[in-house]
Structures are given as C-alpha cells and as structure tokens.
Amino acid sequence: MKKLILLPILLATTVITAAPAQADNMSLRICEYVQANDKSRLRAFLKQNKLKIRNIYDGLECNGDNLLIFAAKSQALEVGEFIIGKLPSKTVKPEIENLAKHSAHLAEEAKER
C-alpha cells in the first residue's frame, strides 16, 4: 500500500522540479540567440517551442535587462528590429529612452513603431 502512494508522489516531485530547469534552459538559449544576433535561429526556436515574443517578453531577462535592451546592448540590430516588430507599440514606447542610450538605430525603429 505504501508503494502505491509513494510512487505517484515521487513522479510528481520529479515533474515539478524538471519544469523550471527546462524553462531556464529555454531562456538561456533565447538570450544566446539574441546576443549572437541570430534572427533565423531565434525564430526557429520560438516556432519549435510554440512561443511568441509578446507572451514571454515580460518574464524574460538577459543579464538583468529585458530582451529589447539586451539586444541593444549587444548591438543585435536584426534581432532588435524583429523584437520591436513583434511587440505591441504600448510595450515598446516606454523603452525608447533606454534604447537610445545603447542603440540609436533601434530607438529610431521603436519611434516608427
């Protein structure tokens, strides 16, 4: 009887601890693709994992910055333009000042959005 109760608890514990580790790995890969300015790999990774930039943007940080500022600091212009295009304008607008500090090009893209 104890074995029947213990087994589901053990399985539930491993599933619960595996989910955050997978999320950390996914966020790390997204940050790596942004830093490398690899738009095609980023798009493929997002599509493969059925993710959208607008859904993960608020919860994802790379080196303490949001995804857009991290792209600007990394001089990842192609990926930065991609991110700006995928985010709603009300999300991009407050970031224009911070973008201008790191990348004039991305700040202009954000203003046009």
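Residues numbered from 1 in each chain as written. Predicted model: local features only at pLDDT ≥ 70, side-chain atom pairs only at ≥ 80, totals over all residues. Heavy atoms only, no water.

Participant: It is not clear to me how the overall build of the protein should be interpreted in this structure. Could you clarify?
Facilitator: Secondary structure summary: the protein contains 8 helices and 2 strands in total. Each helix and strand of the protein, ordered N terminal to C terminal, gives the series α-α-α-β-β-α-α-α-α-α. (Helix = DSSP H or I, 4+ residues; strand = E, 2+ residues; numbered from the N terminus.)

Participant: I tried to follow the packing of aromatic side chains on my own but got confused; where do I start?
Facilitator: Here the distance between the centres and the angle between the planes together describe a pair of aromatic rings. Throughout the structure, instances matching the rule amount to 1 aromatic pair. A centroid spacing of 5.9 Å and a plane angle of 65° characterise the contact between Y33 and F45, whose relative ring orientation is edge-to-face. Residue Y33 is located in helix α1 (residues 2–35), and its partner F45 is located in helix α2 (residues 39–48); the two are separated by 12 residues in the primary sequence. Accessibility classification places Y33 together with F45 in one group, the buried group. (Phe/Tyr/Trp six-rings, centres within 6.5 Å; stacked < 30°, edge-to-face > 60°. Buried < 20%, exposed > 50% of the residue type's maximum accessible area, 1.4 Å probe, protein only.)

Participant: In this structure, what is going on with the packing of α2 against helix α5 (residues 77–86)? I would like to understand it.
Facilitator: Pairs of packed helices are described in terms of their axes, by the angle between the two and the distance that separates them. Their axes nearest at 9 Å, the elements α2 and α5 cross at an angle of 40°. Taken together, the axes of α2 and α5 are oblique relative to one another. Residues K39, L42, R43 and L46 of α2 touch α5, and the partners they reach there are E78, V79 and F82. Broken down by class, the residue content of the contact of α2 with α5 amounts to 4 nonpolar, no polar and 3 charged. (Axes fitted to C-alpha atoms, helices over the stretch in contact; angles between N-to-C directions. Parallel < 35°, antiparallel > 145°, perpendicular 65-115°, else oblique. Contact = heavy atoms within 4.5 Å. Nonpolar A, V, L, I, M, F, W, Y, C, P; charged D, E, K, R; others polar.)

Participant: Teacher, can you tell me more about the nonpolar core here?
Facilitator: The nonpolar side chains of a soluble globular protein tend to be buried with one another. The biggest cluster of nonpolar side chains holds 31 residues, and the ones touching the most others in it are I30, V34, L42, L67, I83 and L99. Counting only elements with at least two residues in this core, the list comes to α1, α2, α3 (53–56), α4 (67–73), α5, α7 (96–102) and α8 (104–112). Sorting elements by how many residues they give to this core places α4 first, with 6 residues. Beyond its immediate chain neighbours, meaning those up to four positions away, V34 contacts L42, L67, F70, A71, A76, V79 and I83. (Core = buried A, V, L, I, M, F, W, Y, C linked by side-chain atoms within 4.5 Å.)

Participant: Teacher, can you tell me more about the packing of α5 against α8 here?
Facilitator: Contact geometry of α5 with α8 gives a least axis separation of 10 Å together with a crossing angle of 20°. Judged on the interaxial angle alone, α8 and α5 are roughly parallel. Where α5 crosses over α8, the handedness of that crossing is right-handed. Contacts between α5 and α8 involve L77, G80, E81 and I84 from the first element and H105, L106, E109 and A110 from the second. The residue inventory of the contact of α5 with α8, partitioned by class, reads 4 nonpolar, 2 polar and 2 charged. (Left-handed = near helix turned anticlockwise from the far one by under 90°.)

No statement about biological role is implied by the geometric values presented.
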